[in-house]
Amino acid sequence: MTYRVILIILLTVCTSLEASAQTSQREYALKAGLMYYFALYSNQTTNQNTNNYIICSSSKSFVEIATQTLLQKKIEQRDVEVRYLQSLLENNTSCHIIFFSDEKSYTQYQTTLNNKPRSTLLIGEASNFINAGGHIKFIHIGGKIRFEINPEQLEISGIKISSKVIRLGKVKVRNKS
Amino acid sequence: MKKTLIMSLFFISHLSFANDEIKDLDFESLLAADVQVTSVMKRTNKASTTPASVYVISNTQMLNAGVTSVAQALTLAPGVQVRKIDNNKWAIGIRNAAGRYTSRLLVMIDGQSIYNPSFAGVYWEALNIPIYDIERIEVVKGQGGLLWGSNATNGVVNIITKLSNDTRSTKVTLKTGTTLDYDVSLRVGDDLNIGENSSYRFYINSQANNKSDKSIRWAPQDKGEKDSFGARFDLAFNDDTSLLIQGDYTDIKMGQTLELAHPITFAGAEVVEPQKRKHTLLMLRIENRLSNIANQSLQTSYAKQKGDQPYYMEEFTSYDIDYQINMQLNFAQLDLGANYSYNKTPFLESDYLNSENDVNRIKKYGTFAQASFALIENELDLILGEKFEHNSLTGWEQQPSIRLAWRPDNSHFLWASFSKGVRTPSLLEYDYNIQTNGFKVEAIFKTGHELIDNTRIKTFLRGNNQLQSEKVASTELGYRISHNTWNADLSVFYSEAKNTLSITPIANPLLVPTVIALLQSADILGFSQYIQNQTVDFNLNSDGKQKTYGGDFILNWQLNPSSNMTFGISYAKQEEYLAQNKLLDFNGETKQVFFALNKKINEEHNIMFQSRWEDGSIYKTDNFIAVDINWNWQYNSQLTFSLTGNNLLEKDHVEYARTNDTFDVATYIGRSVSLGMMVDF
């Protein structure tokens, strides 16, 4: 009997180890869904002639979940493609959205780009993302996902975004000091 | 050993249904979705993948329909029985006849119960939350006892208000009309300088109704006023911990016509005195994400209701603590919780009411556990749960539930459930004696002398502290089908309740022989004096049984990108049996056919049409068709006008005529028109 109980406990623990990925899946799926609407309600000049609307990320798990979530979705009659880039510093010119799942990758991106604005929607979740020049930052409030948005930075980058998105988000202005 | 291993492996599978739903959600719904699929917030998940009969009324629907109260908003949910008694009072029920004091329906605001244990009901007229600040109203038809506790045997209504982060603006609304005298509200919201993402809102709301043109008896007096103010604070300390503080205060004064026993003749007599109530709600909830797989919440709440009626004065206070922890493991999603509730119910005597045992406090405490297993990945889920709860009136009760959810593919969803729930007696049933209209002598024996036969004897409805909780066992089945432009939802149910209320009339055994002797000696004066001092008691018992069965069908169809329609048909039948007598007449059928059409003409204009046909037999009224139309005109980004017509098809009709159940004299609900304006700053 003891052996059986130990076995059940071991199985439970082993399966639970994977569980953190389970919840992130839902969170990533929600974020991917919101990115789709950001794209739908914005007007970007970048890569108008690409066949697909491309969302790039260096997070494999985000790419996996977002691909499932955005399957068959279209932006201006283009299929939405979620692309994995090992390094966001390379091959990023075709990206319409870049999702930075950690602070480090965004800092490197900005340094490489020398803070020059480009018409790519930059979305992240690091605490100082907006202050560091990002466009939209996901936040958690009351068990839900909300977002901060920087219309000033979007304008500098030549991205027009619907007032509906701005209204639903929380406007944050970059602290230039 | 082999069997144990197989069982263990059987449950090792990813929980299904959680993420697939997201791809179909619109922008607002994504923002409304919880990050973790748990019941920590006592919210349901997406209605289409919940193994229960759930209908969600969205904020957009409420604004499109131009409703001015939560009770009226419930008319937007097909299958919900919503009846106006007069221009202020409502009788609302699910899967049985609506009642002003129905206790089979649990109503909550953001998870805080507003149930009143004295009269076992909800004072809908004292709910005055601005409609634009309600995120959604979830209507769960059927048993909700496992998660929400006792008195949810027929359903749960959960009013979920918006995060204050989503209302960080100033809004003013004004509305006036033929029945609605005025409805004025102001909300102010902004960021708070506490933490990274904290915010607040304050609101103040004042509403008044005109009185009806006529009532079923005597002159209508239902002119009413209600004033409220409240605030909500959402403090986010970091991504993992947040604190919600909210409070509301409502003061109502509503005219009414009551039929109460005359102090001398004991016959039903007109009493015209307003109802005055003061309601206070306070709630504090801390939510904490322990890890990616677990979160917990602790909610404490305080409610005070002070009521002043000719037949009933009350001052009820409740303190509640509720803790929940939710874990999403690979083999199961676990929800565990514990609750404690302390209710102070001091008895305040009136001309019509006295207390048998002076029960002035009710304590409740309990615990629940629920586990959801994926038996077949992405296809078949099993949800098991049990709630144990002790209350100081009837002791320990348990409310188990087992549910199965099967999704053979993305279009079809089938579910089945078996659950048991409990309805605890109200203090009216358990402890109070209430004077009702006097019993006629002819009901005991007929003399043939009209004056004597119509003489009434003082009559009391007597509570009984030996009452047991009503125990309801329900079996439910449901099927949903979803396609690109339409979805349909069918649910059927069968419930058997035991320990339902019955009545035993008890009179002095010498009453009849004494009356006969007095009449034979032609001593009319002696008869009159004797009968004046006699009483007939209707003693309440819990020895009845009731079965209820029926079903709902709802079709939603997106006709084109700008138009969508909802069609619903619902039926329920309740049959009381094995009761000692049929004096409590709850038998009958409820039938409803529902149709709604919303047309967004362009970015500025939206028209919503809604109609309900309802059978009136169980309410002792004619059948009626209610037709409502609302037109919203968004003049610019700040200004929206609305024109609303209610009950447009009929000049007027009575919706609830069971005066004996409530003492309220119903009025004719007339056609009405109102004009509104909403300004966003």
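Just so you know, the residues in each chain are numbered from 1, in the order the chain's sequence is written. Each chain gets a letter, beginning with A, and each ligand a number, beginning with 1, in the order they are written. Totals for whole chains, interfaces and linings use all residues, but because this is a predicted model, local features are given only for residues with pLDDT of at least 70 and pairs of side-chain atoms are given and counted only at 80 or more.

What to know about the overall build of chain A
For step 1, the next point in the chain: Put simply, DSSP marks the helices as runs of H or I at least four residues long and the strands as runs of E at least two long, and each gets a number from the N terminus on. Counting its secondary structure elements, chain A contains six helices and 10 strands.
For step 2, the next point in the chain: Labels follow a simple rule on C-beta atoms placed from the backbone: if 20 or more others lie within 10 Å of a residue's own, it is buried; if 12 or fewer, it is exposed; otherwise it is partly exposed. The proportion of buried residues among the 177 residues of chain A is 40%.

Some points on the sheet that holds strand E4 (residues 105-109) of chain B
Residue and element names in this part refer to chain B.
For step 1, the next point in the chain: What the five strands build is an open sheet, ordered E1-E6-E7-E4-E5; its pairing is mixed. Looking at the sheet topology across the chains shown, the edges are occupied by strand E1 (53-58) and strand E5 (112-113).
For step 2, the next point in the chain: One bridge is not enough; two strands pair if DSSP finds at least two bridges between them. The pairing of E4 with strand E7 (residues 155-161) spans five bridges and is parallel. Note that in E7 the partner of Ile109 across the bridge is Ile159.

Some points on the pairing of strand E2 (residues 52-57) of chain A
Residues and elements named next belong to chain A.
For step 1, the next point in the chain: Counting buried positions along E2 gives five out of six residues, so the element sits mostly inside the fold.
For step 2, the next point in the chain: Bridge count between E2 and strand E4 (residues 78-84): six bridges; the pairing is parallel. Within the sheet, the bridge partner assigned to Ile55 lies in E4 and is Val82.
For step 3, the next point in the chain: Judged from the three bridges that link them, E2 and strand E5 (residues 97-100) form a sheet pairing that is parallel. Of the residues in E5, the one forming a bridge with Ser57 is Phe99.

Some thoughts on the sheet that holds E4(A)
Residues and elements named next belong to chain A.
For step 1, the next point in the chain: Across the sheet, eight strands lie side by side as E3-E4-E2-E5-E6-E7-E8-E10; this open sheet has mixed pairing. Both edges of this open sheet fall to strand E3 (74-75) and strand E10 (170-171), since each of them pairs with a single strand only.
For step 2, the next point in the chain: Packing against the sheet, helix H3 (residues 60-69) makes contact with E2, E4 and E5, and its axis sits at approximately 160 degrees to E4. For the purpose of contact definition, each residue receives a C-beta atom placed from its backbone, and two residues are in contact when these atoms lie within 7 Å. Comment: axis = line fitted to C-alpha atoms, over the contacting stretch for helices; angle = value between 0 and 180 degrees taken between N-to-C directions.

Brief notes about the environment of Ala522(B)
All names here are of chain B.
For step 1, the next point in the chain: By the element assignment, Ala522 lies in the loop between helix H8 (511-520) and helix H9 (524-532).
For step 2, the next point in the chain: The exposure class of Ala522 is exposed, given the 9 C-beta atoms found within 10 Å.
For step 3, the next point in the chain: Put simply, Ala522 and Ser469 are 53 residues apart on the chain and 49 Å apart in space, counted from C-alpha to C-alpha.

Thoughts on the environment of Thr50(B)
Residue and element names in this part refer to chain B.
For step 1, the next point in the chain: Looking at the secondary structure, you find Thr50 in the loop between helix H2 (27-32) and E1.
For step 2, the next point in the chain: Given 21 C-beta atoms within a 10 Å radius, Thr50 is considered buried.
For step 3, the next point in the chain: Measuring from C-alpha to C-alpha, the distance between Thr50 and Leu180 comes to 37 Å, with 130 residues separating the pair along the chain.

Structural notes on the nonpolar core
For step 1, the next point in the chain: For our purposes the nonpolar core covers buried Ala, Val, Leu, Ile, Met, Phe, Trp, Tyr and Cys residues that link as a set through C-beta atoms within 7 Å. Within the largest apolar cluster, 93 residues are counted, with the highest numbers of intra-cluster contacts made by Ile57(B), Val70(B), Ala73(B), Leu74(B), Ile92(B), Val139(B) and Ile159(B).
For step 2, the next point in the chain: In terms of residue count, the dominant contributor to this core is E4(B) (five residues).
For step 3, the next point in the chain: Aside from chain neighbours lying at most four places away, what touches Ala73(B) is Ile57(B), Met62(B), Val67(B), Ile131(B) and Ile137(B).
For step 4, the next point in the chain: If you look at the next biggest cluster of nonpolar residues, it comprises 51 residues, including Phe62(A), Val82(A), Ile123(A) and Ile159(A).

Description of unusual backbone geometry
Residue and element names in this part refer to chain A.
For step 1, the next point in the chain: For Gln72, which is not a glycine, the phi torsion comes out positive at approximately 70 degrees.
For step 2, the next point in the chain: Looking at the element boundaries, Gln72 is found in the loop between H3 and E3.
For step 3, the next point in the chain: Note on Gln72: 7 C-beta atoms within 10 Å, which makes it exposed.
For step 4, the next point in the chain: Positioned with a positive phi, Gln77 is a non-glycine residue whose angle comes to about 65 degrees.
For step 5, the next point in the chain: Relative to the assigned elements, Gln77 resides in the loop between E3 and E4.
For step 6, the next point in the chain: For Gln77, a count of 6 C-beta atoms within 10 Å gives the class exposed.

Overview of the packing of H8(B) against H9(B)
Residue and element names in this part refer to chain B.
For step 1, the next point in the chain: Where H8 contacts H9, the axes come no closer than 8 Å and their chain directions differ by 160 degrees. One way to sum up the angle between H8 and H9 is to call them roughly antiparallel. The handedness of the crossing between H8 and H9 comes out as left-handed. On the side of H8, the interface is formed by Thr514, Val515, Leu518 and Leu519, while H9 contributes Gly526, Phe527 and Tyr530. Roughly parallel covers angles under 35 degrees, roughly antiparallel covers those over 145, roughly perpendicular covers 65 to 115, and oblique covers all other angles. With the far helix as reference, a near helix turned anticlockwise by less than a right angle produces a left-handed crossing, and one turned clockwise produces a right-handed crossing.

Comments concerning the confidence of the model for chain A
Residues and elements named next belong to chain A.
For step 1, the next point in the chain: With 80% of its residues at a pLDDT of 70 or more, chain A shows a mean pLDDT of 78.
For step 2, the next point in the chain: Confidence of the predictor at the level of single residues is captured by pLDDT, which takes values from 0 to 100. Within chain A, strand E6 (residues 121-124) carries the highest mean pLDDT (91), whereas helix H1 (residues 2-17) carries the lowest (46).
For step 3, the next point in the chain: Across residues 8-23, where pLDDT falls below 50, the model places 28 contacts with residues more than four positions away in sequence or in other chains.

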